[in-house]
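Structural overview for review
Here are the chains, one letter per residue:
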Amino acid sequence: MASFGWKRKIGEKVSKATSQQFEAEAADEEDLADDDDATWVHAAKRRKEVLLEDCVKKSKELKDEGADLAENRRYREAILKWDEALQLTPEDATLYEMKSQVLMSLHEMFPAVHAAEMAVQRNPRSWDAWQTLGRAQLGLGEIALAIRSFQVSLHIFPMNPEVWKEDLSWARKLHEQHKATKTESVQALLRQKELAQEPIPDYDFESDEIVAVCAAIAEKEKALSEAKTVVIVSASGAVETVTEKDNCPTTPDETLFIRAR
């Protein structure tokens, strides 16, 4: 059976000078590798920056093209341009705000509110985004929400006369009218309920007027019952109208005439 001893360590017979040279060369190679990694990372960052710059530049071109189309009332084409720009710069609040304005011009209020909300989420400090959101909410009939949006817009930019004199004052006027209309509706319902609960008046059925009316109706019924009209059709087809009286019946011979029902 073979016996095994301890293995000699590798490099045991390598001279000290050779070992130092090897270590120096290894250190140089490591430095070169680090330099290559740093260069690659820098190049990747630079490519990303260039790509972002290109996206921003292209997005701005699309935004301007959409603005020109919107000024010429080509709203659908403008929305397509801005949607394409949003694919490049999805955090651009101005694109959403402009899109909301155009959607309101097309009377598409639900998408307009959604676009304005996206603008506010991306830039809560944009007073014009809050103003556009308030106008879109007003178009949906959400008066209380619109008032709040206009107030936020004024809080950001207090010196804006358009929001104060036009938007907010109009929204408050609509709010007061809505309250007045609601109050009138409630009062009308209460009046209807009160009328429904009123008791039936107690008529005097023994009064002279009621007795006179009943007597007149009885006399008329009596006159009609005394004179009866009968239509007689003869066998030859002739038609004759005969008036009968209770005390003097004038019925023709039944062999010659057939009484019509």
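Residues numbered from 1 in each chain as written. Predicted model: local features only at pLDDT ≥ 70, side-chain atom pairs only at ≥ 80, totals over all residues. Heavy atoms only, no water.

**Considering the overall build of the protein chain**
For clarity, the threshold we go by: Helix numbering and strand numbering both begin at the N terminus, where a helix is a DSSP run of H or I of at least 4 residues and a strand a DSSP run of E of at least 2. Only protein chains enter the accessibility calculation, which uses a 1.4 Å probe. A residue is then buried if its area is under 20% of the maximum for its type, exposed if over 50%, and partly exposed in between. Note on areas: Shrake-Rupley, 1.4 Å probe, and residue coverage restricted to the protein chains presented here.
In terms of regular secondary structure, the protein chain is built from eight helices and three strands. Going from N to C terminus, the protein chain has its helices and strands arranged as α-α-α-α-α-α-α-α-β-β-β. Taken over 261 residues, the protein chain has a buried fraction of 24%. Surface exposure of the protein chain reaches about 20500 Å², of which carbon and sulfur atoms provide 56%.

**Concerning the UniProt feature "repeat: TPR" (unreviewed entry) in the protein chain**
The condition that has to hold: UniProt positions are given in the numbering used here, feature names are shortened, and annotations may be inferred rather than shown by experiment.
UniProt's entry tags residues 127-160 with the feature "repeat: TPR" (unreviewed entry), counted in the numbering of this structure. Taken end to end, residues 127-160 has its terminal C-alpha atoms 9 Å apart, with 79% of it in helix and 0% in strand.

**With respect to the packing of helix α3 (residues 93-105) against helix α4 (residues 109-122)**
Put simply, the test is: All axes are obtained by fitting lines to C-alpha atoms, using only the stretch in contact for helices, and the reported angles, taken between N-to-C directions, cover 0 to 180 degrees. If an angle is under 35 degrees, it is roughly parallel; if it is over 145, roughly antiparallel; if it lies from 65 to 115, roughly perpendicular; otherwise it is oblique. Crossing chirality is assigned from the near helix's rotation relative to the far helix, an anticlockwise turn below a right angle marking it left-handed and a clockwise turn marking it right-handed. Every residue pair with non-hydrogen atoms within 4.5 Å of one another is taken to be in contact. Asp, Glu, Lys and Arg are counted as charged, while Ala, Val, Leu, Ile, Met, Phe, Trp, Tyr, Cys and Pro are counted as nonpolar; the rest, among them Gly, fall into the polar class.
Viewed as axis vectors pointing N to C, α3 and α4 meet at an angle of 160°, and their least axial separation amounts to 8 Å. Considering the angle they form, α3 stands roughly antiparallel to α4. Relative to α4, α3 is oriented so that their crossing is left-handed. Packed against α3, whose contacting residues are A93, Y96, E97, S100, L103 and M104, the element α4 presents M109, P111, A112, A115, A116, M118, A119 and R122 at the interface. When grouped by side-chain class, the residues that make up the contact of α3 with α4 number eleven nonpolar, one polar and two charged.

**Comments concerning helix α2 (residues 75-88)**
One full turn of an α-helix is made of 3.6 residues, so residues set three or four places apart face in the same direction. Cut-off, in case you're wondering: By this rule, a helix spans an expected 1.5 Å times one less than how many residues it contains. By arc we mean the arc of the directions from the helix axis to the C-beta atoms, nothing more.
Taking 1.5 Å of rise per residue, the 14 residues of α2 would be expected to cover 20 Å, and the 20 Å separating its terminal C-alpha atoms lies within 8% of that figure. Taken residue by residue, α2 has Y75, A78, I79, W82, A85 and L86 as its buried positions. The arc that holds the buried residues of α2, viewed along the axis, is 125°, so those residues lie on one side. Those residues of α2 that are exposed and aimed more than 90 degrees away from the buried face are L80 and Q87.

**A closer look at the nonpolar core**
The nonpolar side chains of soluble globular proteins are, as a tendency, buried together. To keep things clear, this is the line we draw: In this description, a nonpolar core means a group of buried Ala, Val, Leu, Ile, Met, Phe, Trp, Tyr and Cys residues linked to one another through side-chain atoms lying within 4.5 Å.
In this structure, A70, W82, V102 and L133 are the most contacted members of the largest nonpolar core, which totals 29 residues. Of all elements in the fold, only α1 (16-71), α2, α3, α4 and α5 (127-139) reach the threshold of two or more residues within this core. Considering every element that reaches this core, the biggest residue donor is α4, with eight residues. Residues I147, F150, L154 and V163 belong to the second largest nonpolar core, which totals nine residues.

**Description of unusual backbone geometry**
The backbone phi angle of R73 is positive, close to 65°, even though this residue is not glycine. On the basis of relative accessibility, which here comes to 65%, the residue R73 falls in the exposed class. Here the phi dihedral of H107 falls at roughly 60°; this positive angle occurs in a residue that is not glycine. Position of H107 among the secondary structure elements: in the loop between α3 and α4.

**Thoughts on the packing of aromatic side chains**
Our working rule: Note on ring pairs: Phe, Tyr and Trp rings are taken, using the six-membered ring of Trp, and paired if centres are within 6.5 Å. Classes follow the plane angle, with under 30 degrees stacked, over 60 edge-to-face and the rest tilted.
Under the defined criterion, the tally for this structure stands at one aromatic pair. With a centroid separation of 5.3 Å and an interplanar angle of 50°, the aromatic rings of W127 and F157 are classed as tilted. Note that W127 is positioned in helix α5 and F157 in the loop between α6 (143-156) and α7 (161-196), a separation of 30 residues in sequence. Since its relative accessible area comes to 29%, W127 is described here as partly exposed.

**Some thoughts on the pattern of salt bridges**
This is how it is decided: A pair is scored as a salt bridge if a Lys or Arg side-chain nitrogen falls within 4 Å of a carboxyl oxygen belonging to Asp or Glu.
With the rule as written, the count across this model stands at nine salt bridges. Here D167 ties to R135 by a salt bridge, and the two come within 3.0 Å at their closest N and O atoms. Pair noted here: D167 is in helix α7 and R135 is in helix α5, with a separation of 32 residues, a long-range link. On the accessibility criterion, D167 (9% relative accessible area) is buried. Taking relative accessible area as the criterion, R135 reaches 31% and is therefore assigned partly exposed. Through salt bridges with shared partners, one network takes in R135, E162 and D167.

**Looking at the side chain of N160**
Our working rule: What qualifies as a polar contact is a pair of N or O atoms within 3.5 Å, subject to a donor-acceptor requirement within protein and to the restriction that residues adjacent in sequence count only when both atoms come from side chains.
Residue placement: N160 occurs in the loop between α6 and α7. For N160, a relative accessible area of 6% translates into the label buried. Within the structure, N160 has its side chain in polar contact with the backbone nitrogen of E162 (distance 3.2 Å). Beyond its immediate chain neighbours, meaning those up to four positions away, N160 contacts W127 and L154.

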